[in-house]
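Here are the chains, one letter per residue:
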Amino acid sequence: MPPSSSTRSRKSLAPELAPAPVVPVEVPAVPAPRVRAKSLVDEDGTHHEYEFGGPLGVTAMMIFFPCLFYYLFICLTLNDGKFLVPIDASSLTGPNGWIEFAKNIAALVRVHAAPTKRAAALYFSLMALQLVLAFTMPGLKQQGLPVSSLGGRTLTYNCNAYASLYVTVAVVGSLHFSGVFNLADIIDLYGPLLTVASISGFALAAVVFVTGEKYRMSGNLIYDYFMGSTLNPRIGSVDIKMWAEIRISWTLLFAISMGAVAKQYETYGYVSPNVILFAYGTGLYLNSCAKGEHFIPQTWDMNYEKFGWLLSYWNFAGVPFSYAYPAIYMATHDPATYRYPTWFISSLFVILTCAYCVFDLSNGQKSWFKASQTGTYIPRNTYPQIPGTVIENPKILMTKRGPLLISGCWGVVRKPNYISDWIQAICWALSTGFGSKIPYFYPAFHLTMLLHRNARDNARCARKYGADWIEYQRQVPYSFIPYVL
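1. A look at the overall build of the protein
Scanning the protein from N- to C-terminus turns up 16 helices and seven strands. Here the protein has a C-alpha radius of gyration of 23 Å; the compact-globule value for 485 residues is 23 Å, and the two agree. Projecting the C-alpha coordinates of the protein onto the three principal axes gives extents of approximately 65 × 50 × 45 Å. Counting only residues that meet the buried cut, the protein has 55% of its 485 residues in that class. Accessible surface for the protein amounts to roughly 20,900 Å². Of this, 66% is attributable to carbon and sulfur atoms.

2. Notes on the environment of Ala 255
Among the structural elements, Ala 255 can be located in helix H8 (residues 240–268). By relative accessible area, which is 21% here, Ala 255 ends up partly exposed. Sequence spacing of Ala 255 and Thr 282 is 27 residues, and the spatial spacing of their C-alpha atoms is 9.3 Å. Ignoring anything within four residues of it in the chain, the contact list for Ala 255 reads Leu 183 and Ile 186.

3. Examining a nonpolar patch on the surface
A grouping of Ile 481, Tyr 483, Val 484 and Leu 485 is seen on the molecular surface, where their side chains present a nonpolar patch of about 470 Å² in accessible area. By the secondary structure assignment, Leu 485 is in the segment after helix H16 (467–475).

4. Observations regarding the packing of aromatic side chains
Scanning the model with the defined rule gives 42 aromatic pairs in all. Between the aromatic rings of Phe 69 and Trp 314, the centroid separation amounts to 5.6 Å while the plane-to-plane angle is 90°, which identifies the pairing as edge-to-face. Of this pair, Phe 69 sits in helix H1 (residues 54–78) while Trp 314 sits in helix H11 (residues 309–322); the two residues are 245 residues apart in sequence, bridging distant segments of the chain. Here Phe 69 and Trp 314 have matching classes, each one buried.

5. Examining the packing of helix H3 (residues 117–136) against H8
Two elements in contact, H3 and H8, have axes whose closest approach is 11 Å; the angle formed by their N-to-C orientations is 140°. Looking at the two axes, H3 sits oblique to H8. Viewed along their axes, H3 and H8 form a crossing whose handedness is right-handed. Facing H3, whose interface residues are Tyr 123, Leu 126, Met 127, Gln 130, Leu 131, Leu 133 and Ala 134, H8 presents Trp 243, Arg 247, Ile 248, Thr 251 and Leu 252. Across the contact of H3 with H8, the residue classes break down as nine nonpolar, two polar and one charged.

What counts, and where the lines are drawn
Residues numbered from 1 in each chain as written. Predicted model: local features only at pLDDT ≥ 70, side-chain atom pairs only at ≥ 80, totals over all residues. Heavy atoms only, no water. Helix = DSSP H or I, 4+ residues; strand = E, 2+ residues; numbered from the N terminus. Rg over C-alpha atoms; globule rule 2.2 N^0.38 Å. Buried < 20%, exposed > 50% of the residue type's maximum accessible area, 1.4 Å probe, protein only. Areas by Shrake-Rupley, 256 points an atom, 1.4 Å probe, with all protein chains shown as cover. Contact = heavy atoms within 4.5 Å. Patch = residues over 30% accessible without salt bridge, like charges linked within 9 Å, V, L, I, M, F, W, Y side chains within 5 Å. Salt bridge = Lys/Arg side-chain N within 4 Å of Asp/Glu carboxyl O. Phe/Tyr/Trp six-rings, centres within 6.5 Å; stacked < 30°, edge-to-face > 60°. Axes fitted to C-alpha atoms, helices over the stretch in contact; angles between N-to-C directions. Parallel < 35°, antiparallel > 145°, perpendicular 65-115°, else oblique. Left-handed = near helix turned anticlockwise from the far one by under 90°. Nonpolar A, V, L, I, M, F, W, Y, C, P; charged D, E, K, R; others polar.

This is the structure in C-alpha cells:
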C-alpha cells in the first residue's frame, strides 16, 4: 500500500539541548493515560504543504499507474512477458510511432480487459463476503489513538480479520473443490477483474470524498480527491480504511496466487515449487496482517492518513493486481522454462521464511511497545507467534515527546521491518526465474516506496523529536543494513 501524508513546515532542531538519557525500562501494560494535546497524532489538523508533486503530480499518478498496469498486463499475457515498444520509437506520429502504438495497446485492452459480468460477480462477491465477515465474525476490540478531529476521542476497532481469513479460505476452498467455482478462472479473468477493481477503487474514493467529512483539506479538488477528505470513513462498526488494507488487497493477492496454483495443476497436472513459493509467501504475508490486525489501530497510517484515491485505488486494484505479476507469468508459462535446481529453490524458501520471521518479529516488537505505552496491549495466540515479540526490560531512549524503542530488532537498525519486507518481495519475484522483467515490478517499486517513506519518516520525526532525534540516530545509526546503509 503506498504511503502518504501531509507534512508540516520544518522546524529548527535546537542542537543546544543535551542528549536524552538511555535507560533500561520495564514497559508494563498500564491503564490508558488521559488524552493530552501532545499525544495527538495530528495536533492542528491543518494542511501545510503539497506532496507527490502537488496537483500536477497526483494527476499524473492517477493517469500513469492505471495505464502502466494495463500495458504490463498486455506485455505479460500477449507478448511472452517481453516489453512492447513502437516499431519506430523515435517517431511520435506516423503508422509506427508512439501515438499509433498507444492506440494499439488501448485496442488490446478493450478486447482482453473489458469488464464482464462474470468478473464483476467474482470481485463483488469477495467484497461482499469480506464486509459481512467484518460485521459478524468474533474478534478483539481495540482502541485507536486519540483523533484530533474528534476532539481527542479514540475509536473502537473490531479486529476479526484472523477469523475472517480462515472462513474465507474455507468458503472459497469448498466452492473450488465442489466445482461451483474454479480458482483457475481468476487467471483467465485477470484483465476484466483488473478493470472492475480499478473502477471500484476510483468510485469508492469519489463516494467517500463527496459524502465524508472534510478534514485537513488543501483547497485543490484534484489533490484532495487523491489524498482524501475523510480520516476515518466507516460503515457502522467497520473502518473502511483498515478493511480495504487487510481484507481486500492482500486477500485478493493470495486469491490470485492460489489461482495460479490451480491453473498450473489444471494445465500441466502438477504444481511447480516456484508457484508454491509464491503462494507460500503471499499466504504468510496475509496471515501476518490478519493476526496482527489489532496493532494497526495504533499506527500512524490509521490515525493520520486520509482515505482517498491513493488508498482506495491501490488497495482495490494496484497492490493485488501488480504484485501478482509473478503468479500471472508462472500460470501462463511452462514451468520448465523457469525451473531452478533443488538447492536454489530450497534456499529461496529458507531466505523467505527468515525474512518473514524478522518482518513479523520487528513489527510485533514495535506494536507491542506502542500498545504498552497506552495500556492497550492485548496478547494473542494466533499462529505463528515468533518468540521475542515481548521484550523484557527493553532499552529505550527517553525524549520530551515520549520514549523510543532501541532494543530487539529496533536496536540493530531503524527500519528492520522495511528491509525484511523488501527481501520477501525479491523472493516472490525470483520465483519466476529470469524470463521476464515484469514480475520484478513489485520489488523495484517497493524499494522506491520504502526509501521514500523512510525519508518522510525521518523528516517527520526530526520535526517531532528535535534534538532527541539526532541522539536516536546516533544510538541506532543505520536504517536498513548494519554498517552498510
